[in-house]
Amino acid sequence: SSSLLIVLTLLVTLGIGAFLAKRHAELEQRVDRLKNDLISLASHEFKTPITSIKGSVETLLRRDAQWDEEFKRELLEGVHEDIGRIQELIDEWLDISKIESGVLHVSLEPLRVRPIVEEAWRRLPKAQQEAAIFEADIPPHLPLIHGDKNRLEQVLVNLYTNALRYNQQQPHIRVTATGDERFVHIRVEDNGIGIAGDHLDKIFDRFYRVDVTASRLTGGTGLGLAISKGIMEAHHGRIAVESKEGTGSAFTLSVPLYSLHDGDNDEETQNF
Ligand code: ADP
């Protein structure tokens, strides 16, 4: 029976070895995909603002030219905007890399829903806030959620930005929330262009955009919803969408209730 034991141990060891090798290969594949995406991101998205910064700076540096103050200011404002765009790309890239490699960190604490919904709206540029109708209809006695304030606000800012961006009328955003025995569901509804059914299941994939030409003009990267999904999964929550082309979309964030958490997992690193 001792030889049986040896054979069994050998088999188990081989099994674990094969399993680990497979995990390793999967991880390597992921890293390869990330690298390829970074190359395509670098070549498409970074090139435009960098080329334009270079052009403006070269113009300003020309020795023979005598630019008036207003023109110089215009060029510098353009440079400032382009740098902002590059920063945004880097931040999004870092987030998506953390999500893909399973190390996105969330600091979970008990939170009230209404302040997050409103604070996220105040994070948008003033001009965008003023151009839209924003309505938050959050019941006062909702249970506390178990969330990372900054990360949840980031998801909401992303949903609000999309609601404004993919809209051809005066944007109208309505946020509502309901609770059940496990989650609070935060619903963000817009009167935008909507999303056709055959695109709906793909918009959470990174780099997926329904209309690539249009989103180049509006400045999207196709990473926002992929990051939002990763953040919601790190919360053990969900993000879902309903939409009707030409009428509008509604995104629902489901965040676990604070009362259900087990007490010692407030610092979490996502792993799936
Ligand atoms: P992007 O940076 O392109 O906005 P996202 O990941 O945030 O990337 O969204 C992916 C795509 O889903 C968008 O390019 C757009 O086509 C579509 N989309 C997202 N939100 C909305 C919305 N509220 N209304 C209509 N289309 C949307």
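Numbers given for residues are sequential positions, taken from 1 along each chain in its written order. Residues qualify for local features only when their pLDDT is at least 70, as the model is predicted, and side-chain atom pairs are given and counted only at 80 or more; totals for whole chains, interfaces and linings, by contrast, use all residues. The basis for the side-chain values is all heavy atoms of the structure; hydrogens and waters are excluded.

### So, the overall build of the protein
Within the protein, the regular secondary structure consists of eight helices and nine strands. Its C-alpha atoms give the protein a radius of gyration of 23 Å, more than 25% over the compact-globule value 19 Å for 272 residues. When its C-alpha atoms are laid out on the principal axes, the protein stretches across 95 × 55 × 35 Å. The cut-offs for exposure are 20% and 50% of the maximum accessible area for each residue type, with area from a 1.4 Å probe on protein chains only; residues under the lower value are buried, those over the upper are exposed, and the others partly exposed. Counting across all 272 residues of the protein, residues that qualify as buried make up 40%. It only takes one pair of heavy atoms within 4.5 Å for two residues to be counted as in contact. Nonlocal contacts in the protein, meaning residues at least 24 apart in sequence, comprise 76% of its contacts between residues at least 6 apart. Using the Shrake-Rupley algorithm and a 1.4 Å probe, accessible areas are obtained, with residue cover drawn only from the displayed protein chains. Accessible area for the protein stands at about 16400 Å²; split by element, carbon and sulfur atoms hold 56% of it. Across the protein, the 31 positively charged side chains and the 43 negatively charged ones have centroids separated by 3 Å. Only DSSP runs of H or I with at least four residues qualify as helices, and only runs of E with at least two residues qualify as strands; both kinds are numbered from the N terminus onward. All radius of gyration figures rest on C-alpha atoms, and the globule criterion is 2.2 Å times the number of residues raised to 0.38. Two residue types count as positive, namely Lys and Arg, and two as negative, namely Asp and Glu; His and chain ends fall outside the count. For the purpose of locating charges, the reference atoms are NZ of Lys, CZ of Arg, CG of Asp and CD of Glu.

### Describing the pattern of salt bridges
Counted as salt bridges are all cases of a side-chain nitrogen of Lys or Arg within 4 Å of a carboxyl oxygen of Asp or Glu. Under the defined criterion, the tally for this structure stands at 16 salt bridges. Linking lysine 22 and glutamate 26 is a salt bridge whose minimum nitrogen-to-oxygen distance equals 3.3 Å. Of this pair, lysine 22 and glutamate 26 are both found in helix 1 (residues 2-61), four residues apart, which corresponds to roughly one turn of the helix. Classification of lysine 22 as exposed rests on a relative accessible area of 55%. Looking at glutamate 26, the relative accessible area reads 37%, which means it is partly exposed. Of the charged contacts in the structure, one is a salt bridge between arginine 122 and glutamate 119, with a shortest N-O distance of 3.1 Å. With arginine 122 and glutamate 119 both in helix 3 (residues 113-122), this residue pair falls three residues apart, about one helical turn. The partly exposed category is assigned to glutamate 119, whose relative accessible area is 29%. Where salt bridges share partners, they join Glu45, Arg85, Glu88 and Arg209 into one cluster.

### A word on helix 3
Taken as a whole, helix 3 has its buried residues at Val113, Ile116, Val117, Ala120 and Trp121. The buried residues of helix 3 all sit within an arc of 135° when viewed along its axis, so they share a single face. Directions pointing from the helix axis toward each C-beta atom define the arc.

### Things to note about the site of the ligand
The environment of the ligand is formed by 20 residues, the closest being Asn162, Tyr166, Asp190, Thr221 and Leu225. Any pair of nitrogen or oxygen atoms within 3.5 Å is treated as a polar contact; in protein, a donor-acceptor pairing is required on top of that, and neighbouring residues in sequence qualify only through side-chain atoms on both sides. Note that an oxygen atom of the ligand is positioned 3.1 Å from one of the backbone N or O atoms of valine 210. A distance of 2.9 Å is found between an oxygen atom of the ligand and a backbone nitrogen or oxygen belonging to glycine 222. Protein burial of the ligand: of its 530 Å² of free accessible surface, 97% is covered by the chains. Sorting elements by how many residues they give to the shell around the ligand places helix 5 (residues 149-165) first, with four residues. Asp, Glu, Lys and Arg are counted as charged, while Ala, Val, Leu, Ile, Met, Phe, Trp, Tyr, Cys and Pro are counted as nonpolar; the rest, among them Gly, fall into the polar class. Among the residues making up the shell around the ligand, the classes are represented as nine nonpolar, eight polar and three charged. Proximity is defined per residue: if any heavy atom of the residue lies within 4 Å of a molecule or strand, that residue is considered near it.

### Notes on the confidence of the model for the protein
Confidence scores labelled pLDDT are given residue by residue by the predictor and lie between 0 and 100. In the predicted model, the protein carries a mean pLDDT of 90, and 93% of its residues have values of at least 70. This prediction of the complex comes with two scores: 0.83 for pTM and 0.98 for ipTM.

### Some points on the packing of helix 5 against helix 8 (residues 224-234)
The convention used is that axes are lines fitted to C-alpha atoms, helices contributing only their stretch in contact, and that angles between N-to-C directions extend from 0 to 180 degrees. Across the interface, helix 5 lies against helix 8 with an axial gap of 10 Å and an inter-helix angle of 150°. Considering their axes alone, helix 5 and helix 8 lie roughly antiparallel with respect to each other. Considering only the axes of helix 5 and helix 8, their crossing is left-handed. In this structure, helix 5 uses Arg151, Leu152, Gln154, Val155, Asn158, Leu159 and Asn162 to contact helix 8, whose residues at the interface are Gly224, Leu225, Ile227, Ser228, Ile231 and Met232. In terms of residue class, the contact of helix 5 with helix 8 is made up of seven nonpolar, five polar and one charged. Put simply, angles under 35 degrees are roughly parallel, angles over 145 are roughly antiparallel, angles from 65 to 115 are roughly perpendicular, and the rest are oblique. The crossing is said to be left-handed when, going from far helix to near helix, the turn is anticlockwise and less than a right angle, and right-handed when the turn is clockwise.

### Digging into helix 2 (residues 69-100)
Working rule for helices: expected span equals 1.5 Å times residues minus one. Given a rise of 1.5 Å per residue, 32 residues ought to cover 46 Å, and the 47 Å separating the end C-alpha atoms of helix 2 matches this to within 8%. Looking at the residues trailing helix 2, positive phi occurs at glycine 102, about 75°.

### Some words on the side chain of histidine 235
Note that histidine 235 resides in the loop between helix 8 and strand 7 (238-244). A polar contact of 2.9 Å, which involves the side chain of histidine 235, links it to the backbone nitrogen of aspartate 148. There is a polar contact of 2.9 Å between the side chain of histidine 235 and the backbone oxygen of isoleucine 231. Setting aside chain neighbours within four positions, we find histidine 235 in contact with Val106, Leu108, His146, Gly147, Asp148, Arg151, Leu152, Val255 and Pro256.

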